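Spelled out from the first residue to the last, the chains are:
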Amino acid sequence: MKVVILHPPLYPANHKFFNELGKHLELVVFCFGNQPGLHDQWKAKHFISSKNNYSLKVIEGKTNLKRFAVSYRTQMNPSFLFKVKKEKPDIVISVAFWFPSLYMAIFKSVLNCKFLILTDAIKQTEKNNSTFRNLLRSFIARHTNAFIASSDLTVKYLKEQFPAIEVKKSIQTIDVVEWMGKIEELPKKEPLREMLGFSKEKTSLLCVSNYIPLKNLEKLINDIITMPNCELFLIGEGELKPHFETIIKAKDMSHKIKLIQRQEGDQLKKYYKASDIFVFPTNRDTFGYVVVEALASGLPVMCSENAGASSIVENNVNGYVLHPQGDFITSINNTINNLATMSSNALTSVSKYTIKNKAESFFKTLTNIN
């Protein structure tokens, strides 16, 4: 079986997944754009290697940093179709409802292959789509053999919108085996807490997020202000940072609510290991890899029900799934009272979401597409 995937700029997790999937089939990935938005250290060309189990071909193009997406100029150039045709694929998988998917819908019969859409779209992120965009999506869907959804919320959305199209599921993940190993290699929790300025008496909450209105961080800050038994480490950057600094100063809360600039690699993992509970209060998010990172660090997660990653959080087991404007305080306190068990459950619950398992199940899915 030969599969071609049309994909935005790769993240390391994407590259590792394709390398594992390439062990099961002949795989070619066309990467549209040179790097993800805000991550210029992950150049697409750096993922090209003779040791790969798949062939990676980069279609040069820039990322629109206002939309955090591949520029329309790159997406709308149909010349990639000639390259795809030369590959003679059995299946073409396009990521999301973007212009390459539209071109594939139009020229699917010419390419003589099955055409699948891999998407993380959910109802909460798609509700403001224009009529024209919805018409384009309906056209693409009518020419698709099946969808592959990245979460339960995506499955629900697709079945509501396109009931005639088959929907399969493949939960997004990171390399949890590597992540857990890196966490284990770090110093013990208590020395880390002291090193990073964590309180000895309070339960430490962590949130990793962009400081933008969509992420619902102001509610989180205001909730933590009312909780004398907790402190919050909020890691990220963004337009609301001055506003958050004003709130924290006005409430004299700098000792328990700390804004930390964006962290990477082992330094970020240190904050995960030092913390007790992870909070993901976003108003909506197609998935949220930080939830997987938190669970793989042994942190119970307070997760918004409007995030795709809520698929892997179970109430009173490894966290709680909550309405973004709901009662996080009660769930946090319940978790504090059962922290050791829920921390253990967090690690157990995410251990099956390995890159290897995902690739194996993804391959089985492809072999069963009608």
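Criteria and cut-off values
- Residues numbered from 1 in each chain as written.
- Predicted model: local features only at pLDDT ≥ 70, side-chain atom pairs only at ≥ 80, totals over all residues.
- Heavy atoms only, no water.
- Patch = residues over 30% accessible without salt bridge, like charges linked within 9 Å, V, L, I, M, F, W, Y side chains within 5 Å.
- Areas by Shrake-Rupley, 256 points an atom, 1.4 Å probe, with all protein chains shown as cover.
- Salt bridge = Lys/Arg side-chain N within 4 Å of Asp/Glu carboxyl O.
- Helix = DSSP H or I, 4+ residues; strand = E, 2+ residues; numbered from the N terminus.
- Buried < 20%, exposed > 50% of the residue type's maximum accessible area, 1.4 Å probe, protein only.
- Pairing = 2+ DSSP bridges.
- Axes fitted to C-alpha atoms, helices over the stretch in contact; angles between N-to-C directions.
- Core = buried A, V, L, I, M, F, W, Y, C linked by side-chain atoms within 4.5 Å.
- Contact = heavy atoms within 4.5 Å.
- Lys, Arg positive; Asp, Glu negative; His and termini not counted.
- Charge placed at Lys NZ, Arg CZ, Asp CG, Glu CD.
- Arc of directions from axis to C-beta.

Topic: a nonpolar patch on the surface
In step 1: Among the surface-exposed residues, I106, F107 and V110 lie close enough to one another that they form a single nonpolar patch of about 250 Å² accessible area.
In step 2: Tracing the chain through its elements places I106 in helix α4 (residues 99–111).

A look at the pattern of salt bridges
A pair can form between side chains of opposite charge whenever their charged atoms are brought close.
In step 1: Enumeration according to the criterion identifies 14 salt bridges in this entry.
In step 2: A salt bridge links D276 to K189, with the shortest nitrogen-to-oxygen separation between them at 2.9 Å. Placement of D276 in the loop between α12 (265–274) and β13 (277–280) and of K189 in helix α9 (residues 189–196) is noted, with a sequence separation of 87 residues between them.
In step 3: Judged by its relative accessible area of 10%, D276 falls in the buried class.
In step 4: Its salt-bridge partner being E237, residue K241 comes within 3.5 Å of it at the nearest N-O pair.
In step 5: Since its relative accessible area comes to 21%, K241 is described here as partly exposed.
In step 6: Connected via shared salt-bridge partners are K2, E26, K57 and E87.

What to know about the sheet that holds strand β11 (residues 230–235)
In step 1: The 6 strands are arranged β12-β11-β10-β13-β14-β15 in an open sheet whose pairing can be described as parallel. The outermost strands of the open sheet, each flanked by one partner alone, are β12 (257–260) and β15 (319–322). The average angle at which neighbouring strand axes cross in this sheet is 20 degrees, direction not considered.
In step 2: With 3 bridges connecting them, β13 and strand β14 (residues 301–304) associate as parallel partners. Bridging from a neighbouring strand, F280 pairs with C303 of β14.

A short note on the nonpolar core
In step 1: Membership of the largest hydrophobic core comes to 37 residues, with the highest contact counts inside it found for L206, V208, Y271, Y272, F278, V291 and V301.
In step 2: By residue number, the principal contributor to this core is helix α13 (residues 289–296), which donates 6 residues.
In step 3: Sequence-distant contacts of Y272, that is, excluding residues within four places in its chain, are made with W179, I183, L206, V208, F278, V290, E293, A294, S297 and L299.
In step 4: In terms of nonpolar packing, the next biggest core, distinct from the first, is built from 32 residues, F30, L81, F162 and I165 among them.

So, a positive patch on the surface
In step 1: Taken together, K123, K127, K156 and R284 make up a surface patch of like positive charges.
In step 2: If you trace the backbone, K156 turns up in helix α7 (residues 152–161).

Remarks on helix α14 (residues 328–336)
In step 1: Taken together, the buried positions of α14 are F328, S331, I332 and T335. Along the long axis of α14, the arc covered by the buried residues comes to 100 degrees, so they all point the same way.

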